Amino acid sequence: MTRIEPGVYSYTYTVLAVPGNNICKNKDVKVNITLEKRLDFTGSKIEASKDICESEISTATYSAKIMQGPDNIPNGTYDVNFSVVGPGVSSSENVRGNFVNGEFNFPIRSSYFKQVGDYTITVTSIKSTTSKGTCVNIFNPFSTVLKIYPLPRLNNATLTALPICQNDMATIEIAAPQLLDGLYRISYNINGDNLALGETAEMQSVGGKASFTIPGNLSTRSGLSVITIYSITNITNPSPQCTNTANVAGNLYINPLPNTLTVKAAVKDYCLNAPVTVAVSGLETLTNVIISYALSEANISAVQTITKAVTNGKLDFVIPAELLLNSGETKITLLNLTNTVTNCEVSLINITDDFVINPIPPAPAVLDQQFCKVDEAVIANLEPKGTQYKWYNSATATTPLAVDYVLKTEDYFVRETAVTGCVSEPAKVSVIINDTAAPEMNETADFCGLANPKISDLSNKTNVPATVAWYDAVDGNLLASTTLLVHNAIYYGYDLNETTHCLSESYKEVKVSLQDCEVAQYEFFIPDGFSPNGDGVNDSFVIKDIEFLYPNYTLEIYNRYGNGMYKGDNNKPAWDGKNYEKSGIAGGIAPNGVYFYVLHFNKDNKPPQQGRLYLNR
């Protein structure tokens, strides 16, 4: 079957003569037949020239282009009817033009486009100007949208920013009630303590709020920086990207970083288990800081952090004991310093100090000790001795006892201090203070002087005759057992414990009498003369030992005329040949001659005894 193309065709046909049709003879008839093609506009489409920005409304040229679908549209002149519907407009018109190679370009009046919005351009019909209208074209309206985008506006916008630290990235918050949701590029300047011109940033706006960041290299100086946005471009779509001017400014405060040039750390040498204090100086005007540090060498730690107030540029802190378990040289390194008022942090470089954790000396080797109470032993008497040892009355005591602290029966604890100043653990010493009771007298201390009683005789009258010791005074001399007793003398007796070898602290005070004599057992001799010439031999008249037998005796001496020369007794036993009754010849010096005595015994009713004596110088 042969395809017939559209066009005008001529046909001839013969009309035959047939009776009754008023044709007498056959007749040839020629006719022209026009064959039209029915056009199929299915799949055709239209596109506007381009979307524009609000700022281009008054200057833009608007046009559209129709493109054929799968079915070719013949070149030729066509009438196109289209409508424009958008903000403030709803209109249609007819335009005549040419399809050329499947495309139909036509202008659109700019009066349709007066404001921002979406404008729908719809083709409602297309007809060839040569069509007789015998064929109905296949056509469905098709359309395109021309968008006029608003300019981005930062009217009534505000910029705010939290303070940052030097070299930190800053986040600038924008509150822009007229800014539509979308992606924007802004251009801004920085003035003030920092200067930067023509910087750009991108930001996403949602609900009239957006933010952008300023890199840290634009915040190198502390102080006030003024951020001014002078241009904004909507880059949500590849095209068009509408740009508008702006003039929005805000302040950015940049806090200074802590000055590290003067910071120092110092740690003294300490003993193991002692609190180790770190002194940090050079913090200048800071008031409160966070410091991180680490330990190395003999003691290694993870990074530690402390928060501390600063006073006059200084602070100190104690390293936790669990970080210092080993003796030896340890290094502390300060790593970071943060001003807690501004939260500005800076790394610390080469701020270290070396210190030594000295070992604890072993506890001293000790033995329990005993002392006599009478010796009043003190701390200085304890073993071991030496200034490196300190004594305490409990294992936990921190204040040592004084060297003159008097010992008691109790436990003491000694610590040794090494040359490094480290103190050992305490060693316990049990001290016993031995005491002995004072001796007691079993009978009175009465003796007969004529028997020459001795210290041993006094001891025999005590309850501890074998161990008692006698002294001539409380702090006097120890008397030998053979020492003769003295009448009316006081002796001080102490007992010496044979086991502890301790003298009793208390004593027995005893006054001795030598006048306990039996007269019948002893005789005494009354001399019959003396020679008071000062030669040291027989210079006085004395009745020896009479005071033991007759302690209350009295002695009277008379001259041959019966005149009294002398009166004596136990307290005045010797006559030296002078007249003590009254002054006589030669100044009271008794002359050579015979004198008479009268001895009154004053005991047991014994009658006086008379006799004579011869004085010879």
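Residues numbered from 1 in each chain as written. Predicted model: local features only at pLDDT ≥ 70, side-chain atom pairs only at ≥ 80, totals over all residues. Heavy atoms only, no water.

1. Focus: the overall build of the protein chain
Then comes step 1: Scanning the protein chain from terminus to terminus reveals 2 helices and 39 strands.
Then comes step 2: Its C-alpha atoms give the protein chain a radius of gyration of 71 Å, more than 25% over the compact-globule value 25 Å for 617 residues.
Then comes step 3: For the protein chain, long-range pairs separated by at least 24 residues make up 61% of all intrachain contacts whose partners lie at least 6 apart in sequence.
Then comes step 4: Summed over all atoms, the accessible surface of the protein chain reaches about 34,500 Å², with 50% contributed by carbon and sulfur.
Then comes step 5: When the 44 positive and 61 negative side-chain charges of the protein chain are each reduced to one mean point, those points stand 17 Å apart. (Helix = DSSP H or I, 4+ residues; strand = E, 2+ residues; numbered from the N terminus. Rg over C-alpha atoms; globule rule 2.2 N^0.38 Å. Contact = heavy atoms within 4.5 Å. Areas by Shrake-Rupley, 256 points an atom, 1.4 Å probe, with all protein chains shown as cover. Lys, Arg positive; Asp, Glu negative; His and termini not counted. Charge placed at Lys NZ, Arg CZ, Asp CG, Glu CD.)

2. Quick word on the packing of aromatic side chains
Then comes step 1: Under the defined criterion, the tally for this structure stands at 20 aromatic pairs.
Then comes step 2: Cluster of aromatic residues (ring-pair linked, three or more members): Phe530, Phe541, Tyr566, Trp575, Tyr595 and Tyr597.
Then comes step 3: Sitting above the plane of the Tyr392 ring, Arg415 keeps its charged end 5.7 Å from the centroid.
Then comes step 4: Against the face of Tyr550 rests Lys603, its NZ or CZ located 5.8 Å from the ring centre. (Phe/Tyr/Trp six-rings, centres within 6.5 Å; stacked < 30°, edge-to-face > 60°. Lys NZ or Arg CZ within 6 Å of the ring centre and 35° of its normal.)

3. Focus on the nonpolar core
Then comes step 1: Membership of the largest hydrophobic core comes to 38 residues, with the highest contact counts inside it found for Ile557 and Trp575.
Then comes step 2: Of all elements in the fold, only α1 (455–459), β32 (468–471), α2 (546–549), β36 (554–558), β37 (564–569), β38 (593–600) and β39 (609–615) reach the threshold of two or more residues within this core. (Core = buried A, V, L, I, M, F, W, Y, C linked by side-chain atoms within 4.5 Å. Buried < 20%, exposed > 50% of the residue type's maximum accessible area, 1.4 Å probe, protein only.)

4. Re the environment of Phe548
Then comes step 1: Note on placement: Phe548 falls in helix α2.
Then comes step 2: For the pair Phe548 and Phe524, spaced 24 residues apart in sequence, the C-alpha to C-alpha distance is 9.9 Å.
Then comes step 3: With near-sequence residues (within four places) excluded, Phe548 lies in contact with Gly449, Leu450, Leu514, Gln515 and Cys517.

5. Here we look at the side chain of Thr330
Then comes step 1: As for its position among the elements, Thr330 is in strand β25 (residues 328–339).
Then comes step 2: Residue classification places Thr330 among the buried positions, given a relative accessible area of 0%.
Then comes step 3: Within the structure, the side chain of Thr330 is placed 2.9 Å from the side chain of Asn299, a separation counted as a polar contact. (Polar contact = N/O pair within 3.5 Å; in protein donor to acceptor, adjacent residues only side chain to side chain.)

6. Focus on empty space enclosed by the protein
Then comes step 1: Summed over the entire model, instances satisfying the criterion amount to 2 cavities of 30 Å³ or more.
Then comes step 2: Approximately 40 Å³ is the volume attributed to the largest cavity.
Then comes step 3: Surrounding the largest cavity, Cys271, Leu272, Asn273, Ala274, Val276, Ala321, Leu324 and Ile357 form its lining.
Then comes step 4: For the lining of the largest cavity, the class distribution of residues is 7 nonpolar, 1 polar and no charged. (1 Å grid on protein atoms, 1.4 Å probe; cavity = no way out; pocket = protein on both sides within 12 Å on 5 of 7 lines; lining within 4 Å. Points joined across faces, edges and corners; volume = space filled by probe spheres on them. Nonpolar A, V, L, I, M, F, W, Y, C, P; charged D, E, K, R; others polar.)

7. Looking at the sheet that holds β37
Strands pair in a sheet through their backbones, by hydrogen bonds, and they do so in one of two ways: parallel or antiparallel.
Then comes step 1: In space, the 5 strands of this open sheet follow the order β35-β39-β38-β36-β37, with mixed pairing throughout. Each having just a single partner strand, β35 (529–530) and β37 make up the two edges of the open sheet.
Then comes step 2: In terms of strand pairing, β35 meets β39 through 2 bridges, oriented parallel. By the bridge assignment, Phe530 is partnered in β39 with Leu615. (Pairing = 2+ DSSP bridges.)

8. Overview of a nonpolar patch on the surface
Then comes step 1: A contiguous nonpolar patch, built from Val594, Phe596 and Tyr614 and spanning about 260 Å² of accessible area, is present on the exposed surface.
Then comes step 2: The topology assignment puts Phe596 in strand β38.
Then comes step 3: Given a relative accessible area of 37%, Phe596 falls into the partly exposed group. (Patch = residues over 30% accessible without salt bridge, like charges linked within 9 Å, V, L, I, M, F, W, Y side chains within 5 Å. Salt bridge = Lys/Arg side-chain N within 4 Å of Asp/Glu carboxyl O.)

9. Focus: the sheet that holds strand β19 (residues 264–267)
Then comes step 1: Spatially, the 3 strands line up as an open sheet ordered β19-β21-β24, and their pairing is antiparallel. Sheet topology places β19 and β24 (315–319) at the edges, where each strand pairs with a single neighbour. The mean angle between the axes of side-by-side strands here comes to 25°, regardless of whether they run parallel or antiparallel. (Axes fitted to C-alpha atoms, helices over the stretch in contact; angles between N-to-C directions.)

10. Brief notes about the pattern of salt bridges
Then comes step 1: Taken as a whole and assessed by the stated rule, the structure comprises 12 salt bridges.
Then comes step 2: With a shortest N-O distance of 3.9 Å, Glu56 and Lys50 are connected by a salt bridge.
Then comes step 3: By relative accessible area, which is 24% here, Glu56 ends up partly exposed.

11. Quick look at the state of the cysteines
Then comes step 1: Considering all chains together, one arrives at 5 disulfides under this definition.
Then comes step 2: The disulfide that involves Cys271 links it to Cys422, with 2.1 Å between the sulfurs. Between Cys271 and Cys422, the S-S dihedral sits near -100°, and the bridge is therefore left-handed. Here the residue Cys271 occupies a position in strand β20 (residues 270–271), and Cys422 occupies one in the loop between β30 (410–416) and β31 (427–434), the gap between them amounting to 151 residues. By the burial criterion, Cys271 is buried, and Cys422 matches it.
Then comes step 3: The connectivity of the disulfide-linked cysteines in the protein chain, indexed sequentially, is 1-3, 2-5, 4-7, 6-9, 8-10. (Disulfide = S-S within 2.5 Å.)

12. Considering the environment of Pro163
Then comes step 1: Of note, Pro163 is situated in the loop between β11 (158–161) and β12 (164–165).
Then comes step 2: For Pro163 and Ile138, which are 25 residues apart along the polypeptide, the C-alpha to C-alpha distance reads 69 Å.
Then comes step 3: If we ignore the near neighbours within four places in the chain, the residues touching Pro163 are Tyr253 and Asn255.

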